[in-house]
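Residue-level structural notes
Letter by letter, the chains look like this.
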Amino acid sequence: MTRPQPLTDTFSFTLSATDGAARTGFVSTPRGAIGTPAFMPVGTAATVKGLYFDQVRQTGADIVLANTYHLMLRPGAERIAKLGGLHSFMRWDGPILTDSGGFQVMSLSSLRKMSEQGVTFRSHVDGAYFEMSPERSVEIQGLLGADIQMQLDECVRLPCTDEEAARAMRLSLRWAERSKRAFEAQPKGRALFGIVQGGVVPALRVESARALADMDFPGYSIGGLAVGEPQEVMLAMIETVEPHLPTMKPRYLMGVGTPDDLLESVARGIDMFDCVMPTRSGRHALAFTRFGRINLKNARHADDPRPLDAESDCPALRDYSRAYLHHLVRCEEMLGSMLLTWANVHYYEQLMAGARAAISEGRYRDYVAGVKDGWARGDIPVWAG
């Protein structure tokens, strides 16, 4: 499916085709269109670890994610703004999505103190104290110049009590209203997404989704999942929330996930994803391929002249032998991590490209079955030496 790059000064979502609950379309921004379903490579500190941004673009990525918390700590949002904004700073001219920083405050910071106003916390970098309110989170994302921004929310650790999930969800709703008001001062063409919370309690998820839909955000995120719960619980929460989200607004499942998570979530109506898994796995010798996962630490690759995938159009998958990749991994050469990261991000992007084509042609179920059959058959034939 050809992906146009419309000239626009507004943010919008166009639904092109559906196949069951699966959807394909375009998120249009002043910096270009994003084909959906879309996987967003994670550029936490203004870099997708191990890749040049021209490589990221060559994988098929239309948009990348950057992290408000990390960029706030260093080099600082005001500094990035003075240097021309995040796009110029990191030399990426496509759309950028920033998270609110709420998840990192929960997972990385010590001595957190929550209040109605916001959260105070100690930096994991140097121990300095910071304050983050909904208004400050939106201000930071605006200084960065992010095209798609997130409301500040409280992401609770799972498992938690229903009472704790309810408290955090309703606080996040109040913060959503404040974030939306703060966002009104930003330039035309940017978008702020609301974040559905509620732990794994269906009634709380529905309450959150309905309240956010009434606030009329340009897009909606589902947060607080992929934090250790089983896949079936995550998928059940998506199925619970999806009917209550506006059809003509994009839906973003935050921090997900494995290739199987992506395929199953697309089947349930999700449009956008991000996850560190392809980059982190690449740094730990694990390749994602159409044959399934391949661990390059395994000694069986030491004498194998085959590439990871001879039919791929990605040089990292096509042009380097498994023996060489295994050698790089065993010697802890950084090139090994770089090549496997490149291979993984490319695989994720092509998985989503295949999903877009399959949905537009009404064959998504067959596409998923074919992909999973390839994983099940595995990496064959095995090189015998």
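Residues numbered from 1 in each chain as written. Predicted model: local features only at pLDDT ≥ 70, side-chain atom pairs only at ≥ 80, totals over all residues. Heavy atoms only, no water.

A few words now on the overall build of the chain. Along the backbone of the chain there are 15 helices and 16 strands. For the chain, whose C-alpha radius of gyration is 21 Å, the value lies close to the compact-globule estimate of 21 Å for 385 residues. Projected onto its principal axes, the C-alpha positions of the chain cover 65 × 50 × 45 Å. Out of the 385 residues belonging to the chain, those deemed buried represent 57%. In the chain, once contacts between residues fewer than 6 apart in sequence are set aside, the share between residues at least 24 apart is 66%. (Helix = DSSP H or I, 4+ residues; strand = E, 2+ residues; numbered from the N terminus. Rg over C-alpha atoms; globule rule 2.2 N^0.38 Å. Buried < 20%, exposed > 50% of the residue type's maximum accessible area, 1.4 Å probe, protein only. Contact = heavy atoms within 4.5 Å.)

Given two aromatic rings, their pairing is described by the distance between the two centres and the angle made by the two planes. Taken as a whole, this structure holds 9 aromatic pairs when the rule is applied. Where F11 meets F193, the ring centres are 6.0 Å apart and the plane angle is 75°; that geometry is what we call edge-to-face. Pair noted here: F11 is in the segment before β1 (12-19) and F193 is in strand β11 (residues 191-196), with a separation of 182 residues, a long-range link. Residue classification places F11 among the buried residues on the basis of a relative accessible area of 16%. According to the relative accessible area criterion, F193 is buried, its value standing at 0%. A centroid spacing of 5.6 Å and a plane angle of 80° characterise the contact between F288 and Y348, whose relative ring orientation is edge-to-face. Here the residue F288 occupies a position in strand β15 (residues 286-289), and Y348 occupies one in helix α14 (residues 334-360), the gap between them amounting to 60 residues. Judged by its relative accessible area of 0%, Y348 is buried. A network of ring pairs unites the aromatic residues F39, F288 and Y348 as a single cluster. Sitting above the plane of the W92 ring, R57 keeps its charged end 4.3 Å from the centroid. (Phe/Tyr/Trp six-rings, centres within 6.5 Å; stacked < 30°, edge-to-face > 60°. Lys NZ or Arg CZ within 6 Å of the ring centre and 35° of its normal.)

A common way to state how big an interface is: give the accessible area lost once the parts meet. Structurally, the chain comprises domain 1 (19-274) and domain 2 (283-376). Centre-to-centre, using C-alpha coordinates, domain 1 lies 27 Å away from domain 2. Domain 1 puts 28 residues into the contact, and the matching count from domain 2 is 28 residues. Summing both partners gives a buried area of about 2300 Å² for domain 1 against domain 2, and 69% of it is carried by carbon and sulfur. Ranking the residues of domain 1 by area buried against domain 2 places T59, P259 and L263 at the top, with a combined share of 28%. Our count for the contact surface shared by domain 1 and domain 2 stands at 2 salt bridges. Taking the shortest distance from any N to any O, the salt bridge between E264 and K372 comes out at 2.4 Å. (Domains from an automatic or database assignment. Buried area = accessible area lost by both parts, 1.4 Å probe. Salt bridge = Lys/Arg side-chain N within 4 Å of Asp/Glu carboxyl O.)

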